[in-house]
Amino acid sequence: MTALRTWLAKARALVTPRRLDCTLDDELQFHLDLLAADYERRGFTADAARLAARRDFGGIEPIKEAHRDRRTWRWIEDAAHDARYALRTLRKNPSFTAVATLTLALGIGANTALFSVIDALILRKLPVARPDELVLFAADEGQGPLNTYFSYPLYEDFRDHATSLSGVAIFGDIAQRQLRLDAAAPAVEPVKAAAVSGNFFSVLGVQAALGRMLAADDDRRGDAQSVAVISHDYWVGRLGADPSIIGRRVTMSGVPLTIIGVTPDGFFGADVSGAPELWWPIQLTSRLDPEGRNSLSERNTEARRIIGRLRPGRTRAEANAELAVWLDRETADRFERVRQRRGGVVADADRAAFRRSLSLQPGATGDTFLRQRFARPLVILMMVVAVVLLIACANVANLLLSRAASRTTEISLRMAIGAGRLRLVRQMLTESALLSIGGAAIGLLAALGIDRVLLSFVPGENTVLRAGLDMRVLAFTAVIAVATGLLFGIAPAVFATRRHATLAIGQRAATAGRRQKLLVQHGLLASQVALSVIVLVAAGLFSRSLRNLHGLDLGFEPERLTVFMLVAPIDYDAQHRAQLAQAVVDRLVQRSDVGAASYSLFGLLSNMNRSLNVVVPGRTAPPGESARSLGAFVSPGYFAATGTRLLRGRDFSGDDIAGAPRVAVISQTMEKRFFAGDALGKQFMQQGPSRLDGPYDIVGIAEDAKYRTLREDSLPVFYVPIAQQASPPPQLPLQVEVRTGGAGTLTDADIRRLVRDADPSVIVNGVQSMGTVVDRTLSQDRLLATLASLFGVLALIVAAVGVYGVRSFAVSRRTNEIGIRMALGASRLSILAPVLGQGVAVSVIGMAAGIAITIPLTRYVAMLLFQVSERDGLTFVGVSAVLGVVAALASYVPARRATRVDPLVALRYE
Amino acid sequence: MDEVPYGSLDLMILKTLDGLGPQHGYGIARRIEQVAEGALALNQGTIYPALLRLEQKGWIKSEWGTSENNRRARFYAITRSGKKQLAVEADIWQQTVAIMKRLLEEQ
């Protein structure tokens, strides 16, 4: 209580300092006067009385000092005083202040930007109740990333049998739908909607901002309520935060819905890569499906993600152990169906393809496909920008050291009249802090810009990521700013106050101290150059890697190639699906703007493929050889449509149908691997599930094409006519390839209309240009190359400024000497050479050190590079050359200036 | 003449204000010196930091008024919580003194 009162009194005093000092003066004077008057009354003369009063009273200044110390917190007053002083000093040196602040702004801005994206993508927990209790359902399929998509019936198994979880909810992906907000007006607008189970919001522990959230009762099977919840952003942004929205009847994709609630501000579901604007009960699925199909009953449709909440005290491992059996059961059933379809025989390899196990993941940060793809590049870029910040720190430290030279006299004076060293260091650190705070403020603005660039590389609608600078990011920036200020400020401050006061006062050149300081400055310079090497090598490696990827011969022509998927109803058998696809292709090629069209199973770069063992009759495979080849099922016209060149032989024709001799086109690599010489007319077999399948007559040789990823080596690939495929292919969508050309442009709508005309019950999915597909596979490479180059250029500029600054200072120190030598007749060159040489020497030492540090670091990026060794000689040589030229130029300019100085002026200098 | 024992100045000030009513700094200092009868070397100025401390703790309060010679002066008065504190501290002092006395007289 007393402590609190004291605290309050001090806080009050903090805001009214001046007046209190004055009243203390008055009070003390009054005391002294009374005391003196007393003495006068006792017969002292006025002067003697005053003296006696002073003696009785004791020292006035110490009393005032003690009073000041006690009145409020001394350190705050001091800090405020230091800050005012530092601001004055900084204002007096505008160019120094500008360069230092901007350098820091760059470094801090880049770090803030990277952190904000990493935070949003990887670190930040969902804005829901107790996120740490959440678990995300995932299946480990033995290879590749975990699969987080499941079927609805399996969800029901989990939900109904989980005792270690207090709730299990399911949510679908965002889909674009047509919303009519006003029943009277016919206008529709797109809305991003997601289906969720009724308990979704209660499992996440989310309370409505307005109205109520969906409840389990809204989502009963066969009795789903026609209700929906909208997001806070949508409510504010589209509906002007109109509270009367609750109870409004709207129509989505033709289905009437009543809006019952608004989610809290900041809530976006459980996937950070996209925020739905509307959530609807998942039991409405069949009513909202264009074909009225109820995918909730299909165990084959694995299109939704599941999230659960652990009961207090239960662990993820317990839940996993409890629920694994349901996934296993579904997997076994599925396998059994396939086995029966294949007449009871299944090869081991196929059996392995079905293997999977439940692997519950922590759900606190939700789920996003972006995480697997971008986590590593982002972490690498984070390290790059950390290095950029270090370079900036070294630069500012150097600037401060240079400037300290002009302040030697001031500092020595202050120390001579009794300022404590610690006090002076604190004063100078305040200056550093102001610089870094200024840098951080500008850096935050820069971060917004860098963020935008960064996110332009991340595919999808990143409304959530774009939320940008929140309190966490600001806190990160603040910590960075303080750390930076200390990092670059402490050495110059300690250095500046180390000299003995007597040494510098009145003596303009404290040469010994200066030489030492120059050594420190050159050390900082060398480390700056060394750090620049790291950033520039990263930039070089990633850029070369991207160039290699761009320059690749893909083996197909992505320009003017459009692909899309045909999703047929589940009861269409293989033959029916093939007829349908052929009908679509026939309609396409009749158009004047279509050059060629085909369809296939397993599209190029589609993440789906089928690999099989190949056997060539009469050939003994060398030991250790892999017989693995990719099998592609294509229609006639495939090679013309994709632009894959047929080197020899022929394309498939309408005659290559079931019953006709089985034919195949093989890739160059396959020819080279399995056949000596020309393979045309020869035969091969494929290892089927139970027996050898074939033989296939080779009728054509095609150039190698990238099939799965751009990074793969050329694989043996064989193409067979889809019409000759005896066993029905698995339930995979067929891909259609269209090569456009001629007059007009084929639009998305054209394709949909055309397919609807061919068969109204078929859905068109994912219409995209092949260029987009290729680009998307390169998004992380582009992200790395672009940003690393950007930061490389920044590092180069900062390093150049650093070299220039330090060399200018070093040369100016010798202006005197140079003037004398020139007056004595020394040639320009004889003066220029050593001055320039020193600058270059420092840079070379820095580069050598930089290369030594960089080489072991590069192995962390090796797996992200394509056809570039992480010790790529060209990159290292190029980086050294660029840095060398920049450093030489930055040293040359001040050196040349020194030789241009009029000897008379130089002699009078200092 | 001896230094003011540590911590006792607060108690002296509180007791003085309790006994005499509101006083300015000079009045308090003079009263303490009178009572000490020259046995105490009080730098009168030291009472001002002490007054500030007591005021911050809320045991005394101050206001500006007019002195006997018609000048503006700051008058200090004890508060209710100051009186409580005085009672507590006086007790402690008396106990300490009694203990010291017994201890010293045993010899």
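It should be noted that the structure appears before, not after, this text.
Overview of the structure.

Here we look at the overall build of chain A
Step number 1: Looking only at helices and strands, one finds 27 helices and 27 strands in chain A.
Step number 2: Against the compact-globule benchmark of 29 Å for 910 residues, chain A has a radius of gyration of 38 Å, which places it well outside the compact range.
Step number 3: Here the C-alpha coordinates of chain A stretch approximately 135 × 80 × 55 Å along the principal axes.
Step number 4: For chain A, the proportion of its 910 residues judged to be buried stands at 49%.
Step number 5: Relative to all contacts within chain A whose residues are 6 or more apart in sequence, the contacts with residues 24 or more apart total 80%.
Step number 6: Approximately 41100 Å² of chain A is accessible, and the part contributed by carbon and sulfur atoms is 58%.
Step number 7: Averaged over its 105 positive side-chain charges, chain A has a centre that lies 9 Å from the centre of its 84 negative ones.

Notes on the overall build of chain B
Step number 1: Within chain B, the regular secondary structure consists of 4 helices and 3 strands.
Step number 2: Once the C-alpha set of chain B is aligned to its principal axes, its extents read approximately 55 × 30 × 20 Å.
Step number 3: Relative to its full complement of 107 residues, chain B shows a buried share of 42%.
Step number 4: A sequence separation of at least 24 residues applies to 50% of the contacts in chain B between residues at least 6 apart.
Step number 5: Put simply, chain B shows about 6400 Å² of open surface, and 52% of that area lies on carbon and sulfur atoms.
Step number 6: In chain B, 14 positive and 13 negative side-chain charges are present, and the distance between their average locations comes to 9 Å.

Considerations on the interface of chain A and chain B
Step number 1: Taken together, the contacts link 24 residues of chain A with 27 residues of chain B.
Step number 2: Contact with chain B buries area across many residues of chain A, yet Glu27, Phe30 and Arg70 of chain A alone supply 28% of it, more than any other trio.
Step number 3: Summed over the shared surface of chain A and chain B, the result is 2 salt bridges.
Step number 4: Asp33 of chain A serves as the salt-bridge partner of Arg71 of chain B, at 2.7 Å between the closest nitrogen and oxygen.
Step number 5: Remark: the boundary between chain A and chain B carries 9 residue pairs in polar contact (both at pLDDT 80 or more).
Step number 6: Sorting the residues of the side of chain A that touches chain B by element identifies α1 (2-15), α2 (17-41), α3 (46-57) and α4 (60-71) of chain A as the ones contributing at least two each.
Step number 7: Take the side of chain A that touches chain B: its biggest share by element is 10 residues, from α2 of chain A.
Step number 8: Here the side of chain A that touches chain B is built from residues that sort into 8 nonpolar, 6 polar and 10 charged.

A closer look at the nonpolar core
Residues and elements named next belong to chain A.
Step number 1: If you look at the biggest cluster of nonpolar residues, it comprises 95 residues, and the most contacted ones within it are Leu114, Phe200, Phe201, Leu378, Leu435, Phe542 and Phe791.
Step number 2: With 16 residues, the top contributor of residues to this core is helix α13 (residues 369-416).
Step number 3: Aside from chain neighbours lying at most four places away, what touches Phe542 is Ile380, Leu784, Ala785, Ala788, Val861, Leu864 and Leu865.
Step number 4: Phe602, Leu630, Tyr638 and Ala679 belong to the second-largest nonpolar core, a separate cluster that totals 68 residues.

Concerning the packing of aromatic side chains
Step number 1: For the structure on display, the rule yields 17 aromatic pairs over all chains.
Step number 2: Through successive ring pairs, a cluster of aromatic residues spans Phe171, Phe200, Phe201, Phe267 and Trp279 of chain A.
Step number 3: The ring of Trp64 of chain B has Arg72 of chain B sitting right over it, with the charged end atom 4.2 Å from the ring centre.

A word on unusual backbone geometry
Residues and elements named next belong to chain A.
Step number 1: Phi is positive for Ala241, close to 55°, though the residue is something other than glycine.
Step number 2: Within the fold, Ala241 resides in the loop between α9 (232-239) and β11 (249-252).
Step number 3: One non-glycine residue, Arg560, adopts positive backbone phi at about 60°.
Step number 4: Mapped onto the secondary structure, Arg560 falls in the loop between α17 (511-550) and β17 (561-567).

Overview of a nonpolar patch on the surface
Step number 1: The grouping of Tyr804, Val885, Leu889, Tyr892 and Val893 of chain A at the surface amounts to a nonpolar patch, some 420 Å² of accessible area in total.
Step number 2: Broken down by element, the nonpolar patch gets its largest block of residues, 4 residues, from helix α26 (residues 873-900) of chain A.

Some remarks on the side chain of Ser231 of chain A
Step number 1: Tracing the sequence through the fold places Ser231 of chain A in the loop between β10 (227-230) and α9.
Step number 2: A distance of 3.1 Å separates a polar side-chain atom of Ser231 of chain A from the backbone nitrogen of Tyr234 of chain A.

Points about the sheet that holds strand β1 (residues 23-24) of chain B
All names here are of chain B.
Step number 1: Within the open sheet, the 3 strands sit side by side as β1-β3-β2. Their pairing is antiparallel. Two strands in the sheet have a free side with no partner beyond their single neighbour: β1 and β2 (60-66).
Step number 2: Here β2 pairs with strand β3 (residues 72-78) via 7 bridges, running antiparallel. Looking at β3, one finds that Glu63 is bridged to Phe75.

Parameters at a glance
Residues numbered from 1 in each chain as written. Chains lettered and ligands numbered in written order. Predicted model: local features only at pLDDT ≥ 70, side-chain atom pairs only at ≥ 80, totals over all residues. Heavy atoms only, no water. Helix = DSSP H or I, 4+ residues; strand = E, 2+ residues; numbered from the N terminus. Rg over C-alpha atoms; globule rule 2.2 N^0.38 Å. Buried < 20%, exposed > 50% of the residue type's maximum accessible area, 1.4 Å probe, protein only. Contact = heavy atoms within 4.5 Å. Areas by Shrake-Rupley, 256 points an atom, 1.4 Å probe, with all protein chains shown as cover. Lys, Arg positive; Asp, Glu negative; His and termini not counted. Charge placed at Lys NZ, Arg CZ, Asp CG, Glu CD. Buried area = accessible area lost by both parts, 1.4 Å probe. Salt bridge = Lys/Arg side-chain N within 4 Å of Asp/Glu carboxyl O. Polar contact = N/O pair within 3.5 Å; in protein donor to acceptor, adjacent residues only side chain to side chain. Nonpolar A, V, L, I, M, F, W, Y, C, P; charged D, E, K, R; others polar. Core = buried A, V, L, I, M, F, W, Y, C linked by side-chain atoms within 4.5 Å. Phe/Tyr/Trp six-rings, centres within 6.5 Å; stacked < 30°, edge-to-face > 60°. Lys NZ or Arg CZ within 6 Å of the ring centre and 35° of its normal. Patch = residues over 30% accessible without salt bridge, like charges linked within 9 Å, V, L, I, M, F, W, Y side chains within 5 Å. Pairing = 2+ DSSP bridges.

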